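Structural characterization, general
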Amino acid sequence: MSEHTDCHDYCAMISEFIDGELSSELCTKLEEHLAGCTNCTVVLNTMKKTIDIYHESNEPAELPEGVKKRLYSSLSLADYIRK
Amino acid sequence: MDKSKVTPPDISVDKLVKGDRDEIARFVETYSARVYRLGMKILNNEQDAEDILQETFLKAIRGLPTFEGRSSLSTWLYRIATNEALMLLRKRHPETISIDAPTEDDDEDNEALEIVDWSHQPESELLEKETRQKIDSAASQLPLGLREVFMLREMEGLSVKETAEVLDVSESVVKTRLLRARMKLRRELTRYFVEKQKKEVADE
């Protein structure tokens, strides 16, 4: 197996690694690989940041007034809007 | 802290099933904004999102007597919502549908990994408005199968198991799609930062 293929295999584990869902055996293998591989470490760091940036940019769930009004009307709950 | 992860108030399924209007109103109040946001993120269209919002709650309220409590109320509701979204896409925008995750061939993950470490930039730069818009737009353009998984996990904060339940796929499918979605967004941001840096150098 070429080194390139290895890195792709390891990169495929990074997402689960970030979520803490990788088995301990694979975790150890990946950590050993990361210690000696700058490229995979960059993929790990930038993927973590990507997820952080998405979470930070995630807008709160809001229902526009008109949408809410029409929803409650369609459910015959219009009398609850002002409560 | 992501507001979507705050535990919702306990809603009594018994009361809902009995048709208690106060409880139904509480149910709608608790989940409607999140169902609407999910619809917006999956459908990228305000009218479509509103339509599936209404359909989802109509079907949910009608279907409450058949709710068996095997999954949580929110998981069950998201399941109705994602099914509604899919049906609406099939009907109105059949050209945009590629339900199956894209094949390996058309995925660039197998190409160069684009190794540029931009992660050490100051937070102020990483979180500036343009960057956030970039990632939001890239997320909205993910293929449908990846987009659904990404939004349920990263936006709604569902677990892998819950996401799998909502979409009726295996947990390994969720994990694979999540990896691909994250990889795609990471690559988009890498390209964005590389371009930005080039431009800054050129401007100097």
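Preceding this paragraph is the structure being described.
Residues numbered from 1 in each chain as written. Chains lettered and ligands numbered in written order. Predicted model: local features only at pLDDT ≥ 70, side-chain atom pairs only at ≥ 80, totals over all residues. Heavy atoms only, no water.

**Remarks on the overall build of chain A**
Stated precisely, the cut-off is as follows: By definition, any uninterrupted DSSP run of H or I lasting at least four residues is a helix, any uninterrupted run of E lasting at least two residues is a strand, and each is numbered from the N terminus. Classification of residues uses two cut-offs on accessible area relative to the type maximum, computed with a 1.4 Å probe and protein chains only: under 20% is buried, over 50% is exposed, and between them is partly exposed. Residue contacts are counted whenever heavy atoms from the two residues lie within 4.5 Å of one another. Note on areas: Shrake-Rupley with a 1.4 Å probe; residue coverage comes only from the protein chains shown.
Along chain A, the regular secondary structure elements total four helices and zero strands. Along its sequence from the N terminus, chain A presents helices and strands in the succession α-α-α-α. In chain A, which comprises 83 residues, the proportion classed as buried is 42%. Across chain A, the fraction of contacts at a sequence separation of at least 24, relative to all contacts at a separation of at least 6, is 40%. Accessible surface, chain A: about 4,700 Å² in total, of which carbon and sulfur atoms supply 48%.

**A few points about the nonpolar core**
Quick reminder of the rule: Think of a nonpolar core as a cluster: buried Ala, Val, Leu, Ile, Met, Phe, Trp, Tyr and Cys residues, connected wherever their side-chain atoms sit within 4.5 Å.
Ranked by size, the top nonpolar core spans 64 residues in total, and within it F27(B), F57(B) and F150(B) carry the most contacts. In contact with F27(B), not counting residues within four places along its chain, are I11(B), L16(B), F57(B), A60(B), L73(B) and L77(B). One finds C7(A), M13(A), I14(A) and L34(A) within the second-largest nonpolar core, a separate group that totals 18 residues.

**Comments concerning unusual backbone geometry**
Of note, the phi angle at S76(A) is positive, near 55°, even though the residue is not glycine. With respect to the secondary-structure elements, S76(A) resides in the segment after α4 (65–74). One non-glycine residue with positive phi stands out, namely D168(B), at about 55°. Locating D168(B) in the fold gives a position in the loop between α8 (160–167) and α9 (171–203).

**What to know about the pattern of salt bridges**
Put simply, the rule is: Salt-bridge detection follows one rule: a side-chain nitrogen of Lys or Arg within 4 Å of a carboxyl oxygen of Asp or Glu.
Going through the model one piece at a time under the given rule, you end up with 21 salt bridges over all chains. The partner of D19(A) in a salt bridge is R182(B), and the shortest N-O contact between them spans 2.9 Å. Of this pair, D19(A) sits in the loop between α1 (3–18) and α2 (24–36) while R182(B) sits in helix α9, each in a different chain. Across the salt bridge formed by R70(B) and E68(B), the nearest N and O atoms sit 2.6 Å from each other.

**Topic: the packing of aromatic side chains**
Let me state the cut-off plainly: Stacked, tilted and edge-to-face pairs are distinguished by plane angle, under 30 degrees for stacked and over 60 for edge-to-face with tilted covering the rest, among Phe, Tyr and Trp rings (Trp via its six-membered ring) whose centres lie within 6.5 Å.
The tally for this structure, following the rule as stated, stands at six aromatic pairs over all chains. Three or more aromatic residues link up through ring pairs in this structure, and these residues are F27(B), Y31(B) and F57(B).

**Details of the environment of L144(B)**
Assignment of secondary structure puts L144(B) in helix α7 (residues 144–155). Taking the C-alpha atoms as reference points, L144(B) and L86(B), 58 residues apart in sequence, are found 9.2 Å from one another.

**Side note on the packing of α8(B) against α9(B)**
Residue and element names in this part refer to chain B. What counts, and what does not: Every angle, taken between N-to-C directions, lies between 0 and 180 degrees, and every axis is a line fitted to C-alpha atoms, over only the stretch in contact when it is a helix. Angle categories are assigned with fixed cut-offs, so that under 35 degrees is roughly parallel, over 145 is roughly antiparallel, 65 to 115 is roughly perpendicular, and the rest are oblique. The residue classification treats Ala, Val, Leu, Ile, Met, Phe, Trp, Tyr, Cys and Pro as nonpolar and Asp, Glu, Lys and Arg as charged. All others, Gly included, are polar.
The geometry of α8 relative to α9 is characterised by a closest axis approach of 8 Å and an angle of 105° between their N-to-C directions. As far as their axial angle goes, α9 and α8 are roughly perpendicular. Residues V160, K161, T163 and A164 of α8 touch α9, and the partners they reach there are E171, V174 and K175. Class assignment of the residues belonging to the contact of α8 with α9 gives a composition of three nonpolar, one polar and three charged.

**Description of the side chain of T46(A)**
To keep it simple, the criterion reads: Polar contacts here mean pairs of N or O atoms no more than 3.5 Å apart (in protein, one a potential hydrogen donor and the other a potential acceptor; neighbouring residues in sequence count only if both atoms are side-chain atoms).
With respect to the helices, strands and loops of the structure, T46(A) is situated in helix α3 (residues 38–57). Its relative accessible area of 0% is what places T46(A) among the buried residues. A distance of 3.3 Å separates a polar side-chain atom of T46(A) from the backbone oxygen of V43(A). Residue contacts for T46(A): discarding those within four places in its chain leaves V116(B), D117(B), W118(B), S119(B) and R186(B).

**Quick look at empty space enclosed by the protein**
Our working rule: A cavity, in this analysis, means grid points on a 1 Å lattice covering only the protein atoms where a 1.4 Å probe fits yet has no way out; a pocket is instead an open set bounded by protein on both sides within 12 Å along at least five of seven lines, and a residue lines either one if it has an atom within 4 Å of a point. Grid points are joined across faces, edges and corners, and a volume is the space filled by probe spheres set on the points.
Applying the stated criterion across every chain yields a total of one cavity of 30 Å³ or more. What the largest cavity holds in volume is close to 30 Å³. Listing elements by their share of the lining of the largest cavity, those giving two or more residues are α1 of chain A together with α9 of chain B. Looking at the lining of the largest cavity, its residues break down into two nonpolar, one polar and four charged.

**Some words on helix α3 (residues 46–63) of chain B**
So the rule is basically this: Each residue after the first adds 1.5 Å to the expected span of a helix.
Compared with the 26 Å implied by 1.5 Å per residue over 18 residues, the 25 Å span of α3(B) between its first and last C-alpha is a close match. Of all the residues in α3(B), the buried ones are D48(B), A49(B), E50(B), I52(B), L53(B), Q54(B), T56(B), F57(B), A60(B) and G63(B). Next to the buried residues of α3(B) lie α4 of chain A together with α2 (21–43) and α4 (73–92) of chain B. In this structure N45(B) caps α3(B), since a side-chain oxygen of it lies 2.9 Å from the backbone nitrogen of Q47(B).

Any functional reading would require information beyond the geometric quantities listed.
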